[in-house]
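Each chain, letter by letter, is given below.
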Amino acid sequence: MFRTKTCGELRLANAGEQVTLAGWVQRARKMGGMTFVDLRDRYGITQLVFNAETNAELCEQSNHLGREYVIQVTGTVNERSAKNNKIPTGEIEILVSSLNILNTSDVPPFTIEDESDGGDDIRMKYRYLDLRRNPVRKNLELRHKFAFEVRRYLDSKGFLEIETPVLVNSTPEGARDFVVPSRMNPGQFYALPQSPQTLKQLCMVAGIDRYFQICKCFRDEDLRADRQPEFTQIDCEMSFVEQEDILQMFEGMSRHLFKTILNIDIPTLPRMTWADAMKNYGSDKPDTRFGMAFVELKNNQPDNASREIVESIFPEGFAVFDGAAYIGGICCEGQADYTRKQIEQLSEFMKRPKIGAKGLVYARVAEDGSVKSSVDKFYSQEVLQQVKEKFGAKPGDLILILSGEDAMKVRKQLCELRLEMGARMGLRDKNKFSCLWVIDFPMYEWSDEEQRLMAMHHPFTSPKPEDIPLLDTDPASVRANAYDMVINGVEVGGGSIRIHDAKLQQKIFEILGFTPEQAQLKFGFLMNAFKFGAPPHGGLAYGLDRFVSLFAGLDSIRDCIAFPKNNSGRDVMLDAPGYLDQKQLDELSLAIDIKE
């Protein structure tokens, strides 16, 4: 056999044993008449010793080993005189008696070590080499364990794992589809699923009762750190349930995952309405590892986040505040020592096009309780003291204020400011986890691009029963029976109670602008199924990549995916996507100009 032991399992108790190992050369170093080689496999590193005094020919052969050569050695386990307490095998070494070079290697384009000298682009191009590195491999091992524990938990709760098709029909709403031309049906296209949403609902109509699937999903959308064109979803659905049943079931799964994988006991998850999340944090996925909730100083623009009018505490005189519909801010505890330069840098950060704030007002609370601000010439100390009281600010605190004509836009800007200050103040610790449910989302959101209401989740989400009458009079204010799980400001999963009544589903399609014919064409299979006794049902889906990346403390989901795409949606290793030759295009009935 190629090996009797792995490079990570030998210990001092194995001293004197004859073993055979196989793996890659991590490094080799010659010291006098001896050569030391670190041999690496998936399980660890073991030091090999070649001694010229006992076997000069073998020692000479070892001097020609290069990095990443694949070798097989046989030898005796020996206690090391100079032990290495940084690795589990650091108390032993192998006195090599035979060496077999299984394969040579070119010099790798970057060092295959924990702290590599390879940048993202080169490591993605040679991803198969990057996967040899401990940090990357450990992420995949964590992902494996995570998926295993998901299956174990759901199996214990009576869920069936069922595969659904990858070639489906294209559907409106949501993100753009990836489409696949059909050779056998010229001019027609499949789509790759954005999620198995309608298919898992059909499983409920079929009486499956409890379904799950760890599945690939595809969305043709702009990429960022937590998005990939293809990603993995833990997709779940249950019959004869209400929202509370689902929250309890999957809060239990999250608690199981935290305990079995990280050995962390998480408390009962608090619940926050979408309106409170937006009003206090400017985000439907608030990072609750720290406080710094918003304080409203003026709001004359009621919306779904806040119906309450807040009269301004500022007298007229400062044009920026006078013309604002919304004024709000945050209190940064103990940050009054921020210098003018730091404030200017923060202001420039907020003015970036991605955020779009026009300016930043600050107020420092001095040790004597007085307030010094950037708007001193417009407001008296009495007014600034009222501001201090509104924020509950103490001596040494820094107050940061934004304003604007659109309340929701300013809240989102304040969210960016809060997160930036949280990071600067060291409050966003990756080893600390704060989980919650965000509930009672709006059913619809207005699309400036489409100039119509769009489903905030998807068109199969049920409205809150008490809000159904509003569908006829004020659909924009209807709340959805929907929920998201948020961890450390990341939405890791979300779902809803589904519509199981064909008439209600038809009404929802009408509000979204579908004619009966369009709805039948796109979703007739589902609506027809509802006519045959669809049970009340609901579910949710977790982003496996996002969940694992949180557990691993990663900044990007890309680092826990074996073969990810880059920020342009390209696989630089496979050089995909690529062009097809004319023959393939002709067979698919596609008229495309081939580019050289």
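Predicted, not measured: the structure shown is a model, and the values here were computed from it.

## Quick notes on the sheet that holds strand β13 (residues 326-332)
Then comes step 1: The five strands lie next to each other as β12-β13-β16-β14-β15, forming an open sheet whose pairing is antiparallel. Only two strands of the sheet have a single neighbouring strand rather than two, namely β12 (295-299) and β15 (371-373). Direction aside, the axes of adjacent strands within the sheet are offset by 20° on average.
Then comes step 2: As paired strands, strand β14 (residues 361-365) and strand β16 (residues 398-404) are joined by four bridges and run antiparallel to one another. Across the sheet, R364 pairs through a bridge with L398, a residue of β16.

## Regarding the pattern of salt bridges
Then comes step 1: Tallied over the entire structure, the rule returns 44 salt bridges.
Then comes step 2: Residue R152 pairs with E149 through a salt bridge whose shortest N-O separation is 3.0 Å. A residue pair is termed a helical-turn pair when its members lie 3 or 4 positions apart in one helix, as R152 and E149 do in helix α4 (residues 134-156) at three residues.
Then comes step 3: Within this structure, D120, R123, R127, D130, R133 and R558 form a network of salt bridges that share partners.

## Looking at the environment of E420
Then comes step 1: Positionally, E420 belongs in helix α11 (residues 407-424).
Then comes step 2: The exposure class assigned to E420 is partly exposed, which follows from its relative accessible area of 21%.
Then comes step 3: For the pair formed by E420 and D130, sequence separation is 290 residues and the distance between their alpha carbons is 31 Å.
Then comes step 4: What E420 contacts, discounting residues up to four positions off in sequence, is L346 and F349.

## Comments concerning the side chain of T74
Then comes step 1: Position of T74 among the secondary structure elements: in strand β4 (residues 70-79).
Then comes step 2: Classification of T74 by relative accessible area gives buried; the value is 17%.

## A short note on the environment of M421
Then comes step 1: With respect to the helices and strands, M421 occurs in helix α11.
Then comes step 2: Ignoring sequence-local partners within four residues, the contact set of M421 consists of M292, I330, C332, Y338, L346 and L400.

## A word on the packing of aromatic side chains
Then comes step 1: Tallied over the full model, the rule gives 22 aromatic pairs.
Then comes step 2: Measuring from centroid to centroid gives 4.9 Å for F318 and F321, while their planes differ by 70°, and the two rings are edge-to-face.
Then comes step 3: With relative accessibility at 13%, the residue F318 sits in the buried group.
Then comes step 4: Here F321 falls in the buried class, since its relative accessible area comes to 3%.
Then comes step 5: Members of the aromatic cluster, joined through ring pairs, are F146, F159, F250, F258, F433, Y542, F547 and F551.
Then comes step 6: If you follow R418 out to its NZ or CZ, it ends over the ring of F290, 4.0 Å from the centre.

## Things to note about the sheet that holds strand β17 (residues 435-439)
Then comes step 1: Reading across from one edge, β6-β9-β10-β22-β21-β20-β17-β11 is the order of the eight strands in this open sheet, with mixed pairing throughout. Here the strands that pair on one side only, and so sit at the sheet edges, are β6 (160-161) and β11 (271-273).
Then comes step 2: Pairing between strand β20 (residues 482-487) and strand β21 (residues 490-497): six bridges, direction antiparallel. Bridging from a neighbouring strand, A482 pairs with S496 of β21.
Then comes step 3: Along the sheet, helix α7 (residues 274-281) makes contact with β11 and β17, crossing β11 at roughly 80°.
Then comes step 4: Contacts from helix α15 (residues 544-552) reach β9 (210-218), β10 (230-239), β20, β21 and β22 (537-543), with the element oriented near 50° to β22.

## Notes on the environment of G538
Then comes step 1: With respect to the element layout, G538 can be found in strand β22.
Then comes step 2: Sequence separation between G538 and D397 is 141 residues, and the spatial gap between their C-alpha atoms is 46 Å.
Then comes step 3: Dropping the residues within four chain positions of it, G538 is found in contact with E237, M238, V241, I246, Y483, S496, I497 and R498.

## Describing the layout of surface pockets
Then comes step 1: A volume near 900 Å³ is recorded for the second largest pocket.
Then comes step 2: Looking at which element gives the most residues to the lining of the second largest pocket, the answer is strand β7 (residues 179-181), with three residues.
Then comes step 3: For the lining of the second largest pocket, the class distribution of residues is 17 nonpolar, two polar and six charged.

## Some details on the pairing of strand β2 (residues 34-41)
Then comes step 1: Summarising burial for β2: seven of the eight residues are buried, a large majority.
Then comes step 2: Strand direction decides the pairing type here: strand β1 (residues 18-31) and β2, joined by seven bridges, are antiparallel. By the bridge assignment, R27 is partnered in β2 with D38.
Then comes step 3: Linking β1 back to β2 in an antiparallel pair, the connection comprises two residues, with G32 at a positive phi of about 65°.
Then comes step 4: Where β2 and strand β3 (residues 44-51) come together, eight bridges link them in antiparallel fashion. Bridging from a neighbouring strand, R40 pairs with I45 of β3.
Then comes step 5: Two successive antiparallel strands, β2 and β3, enclose a turn made up of two residues.

## Focus: α4
Then comes step 1: An ideal rise of 1.5 Å per residue puts 33 Å on 23 residues; α4 measures up with 33 Å between its terminal C-alpha atoms.
Then comes step 2: V136, R137, N139, L142, R143, F146, A147, E149, V150, Y153 and L154 are the residues of α4 that are buried.
Then comes step 3: Summarising the contacts, the buried residues of α4 are in contact with α3 (127-130), β9, β10, α6 (243-262) and α15.
Then comes step 4: At the C-terminal side of α4, G158 shows a positive phi close to 85°.

## So, the nonpolar core
Then comes step 1: Of all hydrophobic cores here, the largest spans 40 residues; its most connected members are F146, L154, F250, W437, I487 and Y542.
Then comes step 2: With eight residues, α6 is the largest single contributor of residues to this core.
Then comes step 3: Apart from the residues within four sequence positions on either side, L154 is in contact with F159, F212, C236, F250 and M253.
Then comes step 4: Formed by 32 residues, the second largest nonpolar core is a distinct cluster that contains A455, L471, F509 and L526.

## What about the packing of α7 against α11?
Then comes step 1: The N-to-C vectors of α7 and α11 enclose an angle of 65°; their axes lie 8 Å apart at closest approach. Considering the angle they form, α7 stands roughly perpendicular to α11. For the pair α7 and α11, contact is made by W274, M278, K279 and Y281 and by M408, R411, K412, C415 and R418, respectively.
Then comes step 2: Class assignment of the residues belonging to the contact of α7 with α11 gives a composition of five nonpolar, no polar and four charged.

Basis of the calculations
- In this numbering scheme, every chain counts its residues from 1 along its sequence in written order.
- Predicted model: local features are reported for residues with pLDDT of at least 70 only, side-chain atom pairs are reported and counted for 80 or more only, and whole-chain, interface and lining totals are derived from all residues.
- To obtain the side-chain values, all non-hydrogen atoms of the structure were included, while hydrogens and water were left out.
- Here, any two strands with at least 2 DSSP bridges between them count as paired.
- Secondary structure follows DSSP: runs of H or I at least 4 residues long count as helices, runs of E at least 2 residues long count as strands, and numbering of each begins at the N terminus.
- Lines are fitted to the C-alpha atoms to define the axes, a helix being fitted only along its stretch in contact, and any angle between axes, read from their N-to-C directions, falls within 0 to 180 degrees.
- Throughout this description, the term salt bridge denotes a Lys or Arg side-chain nitrogen within 4 Å of a carboxyl oxygen of Asp or Glu.
- For every residue, the accessible area (1.4 Å probe, protein chains only) is compared with the maximum for its type, and the residue is labelled buried under 20%, exposed over 50%, or partly exposed between those bounds.
- The contact criterion used is simple: two residues touch if any of their non-hydrogen atoms lie within 4.5 Å.
- Note on ring pairs: Phe, Tyr and Trp rings are taken, using the six-membered ring of Trp, and paired if centres are within 6.5 Å. Classes follow the plane angle, with under 30 degrees stacked, over 60 edge-to-face and the rest tilted.
- Put simply, a charge is over a ring when the Lys NZ or the Arg CZ is close to the ring centre, within 6 Å, and near the line of the ring normal, within 35 degrees.
- The pocket and cavity definitions rest on a 1 Å grid over protein atoms only: a 1.4 Å probe that fits but cannot leave marks a cavity, an open set with protein on both sides within 12 Å along at least five of seven lines marks a pocket, and residues lining either have an atom within 4 Å of a point.
- Grid points are joined across faces, edges and corners, and a volume is the space filled by probe spheres set on the points.
- Each residue receives one of three labels: charged for Asp, Glu, Lys and Arg, nonpolar for Ala, Val, Leu, Ile, Met, Phe, Trp, Tyr, Cys and Pro, and polar for the others, Gly being one of them.
- One less than the number of residues in a helix, times 1.5 Å, gives the span that helix is expected to have.
- As used in this record, nonpolar core signifies buried Ala, Val, Leu, Ile, Met, Phe, Trp, Tyr and Cys residues forming a set joined through side-chain atoms within 4.5 Å.
- Angle categories: roughly parallel below 35 degrees, roughly antiparallel above 145, roughly perpendicular from 65 to 115, and oblique for all the rest.

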